[in-house]
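# Close look at the chain arrangement
Here is what each chain is made of, one letter per residue.
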Amino acid sequence: MLRRLLIRPELGAVVGALVVFAFFATQSPVFRSVDGVANWLDPAATLGIMAVAVALLMIGGEFDLSAGVLTGTSGLVLVTLATRYGLNVWLAMAAGLVVALAVGLVNGLVVTRTKLPSFIVTLGTFLMLQGVNLGVTKALTGTVQVSGLAKADGYEVARALFGGTIVIGGTPFRVAILWWIGLTLLATWVLMRTRAGNWIFAVGGNDQAARAVGVPAARVKIGLFMTTAVAAWLVGSMMALRYTSVQANIGIGQEFIYIIAAVIGGCLLTGGYGSAIGASIGAVIFGMADKGIVFLGWDADWFKFFLGAMLLLATLANRLVRRYAEQVRH
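Residues numbered from 1 in each chain as written. Predicted model: local features only at pLDDT ≥ 70, side-chain atom pairs only at ≥ 80, totals over all residues. Heavy atoms only, no water.

On to the overall build of the chain. Helix and strand content of the chain: 15 helices and four strands. Over its C-alpha atoms the chain spans a radius of gyration of 20 Å, differing by no more than 12% from the 20 Å that the globule rule assigns to 330 residues. Dimensions along the principal axes, computed over C-alpha positions, put the chain at roughly 65 × 55 × 35 Å. The buried share of the chain, reckoned over its 330 residues, is 49%. Summarising the internal contacts of the chain: among those between residues at least 6 apart in sequence, 77% fall at separations of at least 24. For the chain, the computed accessible surface area is about 15,500 Å², with 67% contributed by carbon and sulfur atoms. (Helix = DSSP H or I, 4+ residues; strand = E, 2+ residues; numbered from the N terminus. Rg over C-alpha atoms; globule rule 2.2 N^0.38 Å. Buried < 20%, exposed > 50% of the residue type's maximum accessible area, 1.4 Å probe, protein only. Contact = heavy atoms within 4.5 Å. Areas by Shrake-Rupley, 256 points an atom, 1.4 Å probe, with all protein chains shown as cover.)

Here it is, written out as structure tokens:
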């Protein structure tokens, strides 16, 4: 039982989360209050949705550096179509989903057909989307922002489902938290209980060996890229509905945060190992640190130091756990 516990990919993230919570909780009464918990679960939820999808992709042996900017693209499509062209919010969201799926499909096809590293392919996609977001937004509005979503048809219902709040014990919690929990459980079930989950681990561990035993590696990887794109669409839509406007540069740089959260959660950069729950716990750590630093009145720049330190510690811990796991199997 102890050995099985020690080789779990999310073990390091659980220990890290407990340490981070204990530190900020002892230093700030606000942090450990119900309102404080609601406050730091908010950024953890949107980050966690993306971290879970990115974790699945990393377990499958690939990266997506366009995931962050794609959240901005999805939000821009939604707000632009709803405000500039009069589409119902739901139709605009559907159009944003189509665009996101198309980006994910192209990423997956290029990676699987050309055998180029996904790092290079998705970096190219990142740069192209960044240019499109800025160029189209400036051409339509003359600025780098599209706003006015609150006046569009269907906004109130869509906002309640994707960008609203629920009251628990008198404290408002973002509905994104429920989406995050649900998607984490779904991803965990897929990884641990389905054939698709076995295929994901197989193609990430050894692509050629997986093909040799009949695993449709190309389809699996394309599906993972499209899954990441759907998560980006969901987060982008949530942000647009919450704030009723979107900046053309939103999401840029977040792709590294998603990867770091997945690594802290136990995902290996080499693929074939990790968990969705671990990625979610990594997102919780970031949410606690992000708001905990503010509650303590520290300079926000310390958050970047925290990110770097957590990445190094998590990578070292994951390496040790992987070595121990290999020794146990032999």
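On the surface, F23, W298, W302 and F305 cluster together to form a nonpolar patch covering roughly 480 Å² of accessible area. Tracing the sequence through the fold places F305 in helix α15 (residues 302-329). (Patch = residues over 30% accessible without salt bridge, like charges linked within 9 Å, V, L, I, M, F, W, Y side chains within 5 Å. Salt bridge = Lys/Arg side-chain N within 4 Å of Asp/Glu carboxyl O.)

Bringing helix α2 (residues 11-27) into the picture now. Along an α-helix, residues three or four positions apart point the same way, because every turn accommodates 3.6 residues. For α2, with 17 residues, the first-to-last C-alpha span of 25 Å sits near the 24 Å given by 1.5 Å per residue. Those residues of α2 that sit buried are A13, G16, A17, V20, F24 and A25. Down the axis of α2, the smallest arc covering the buried residues is 150°, so these residues share one side. Exposed and facing more than 90 degrees away from the buried side of α2 are L18, V19 and T26. (Expected span 1.5 Å × (residues − 1). Arc of directions from axis to C-beta.)

With that settled, the discussion passes to the environment of V103. Structurally, the position occupied by V103 is in helix α6 (residues 89-114). Its relative accessible area of 14% is what places V103 among the buried residues. Residues V103 and A51, spaced 52 residues apart in sequence, show a C-alpha to C-alpha distance of 18 Å.

Attention now moves to helix α8 (residues 155-162). Within the span of α8, buried status applies to Y155, A158 and F162. The arc that holds every buried residue of α8, seen down its axis, measures 70°, which confines them to one face. In α8, those exposed residues whose orientation departs by more than 90 degrees from the buried face are E156 and V157.

The next subject is the pairing of strand β2 (residues 165-168). Sheet analysis places β2 next to strand β3 (residues 171-174), joined by four bridges and oriented antiparallel. Within β3, the position partnered with V167 by the bridge is P172. Where β2 hands over to β3, the hairpin turn is made up of two residues, of which G169 adopts a positive phi near 60°. (Pairing = 2+ DSSP bridges.)

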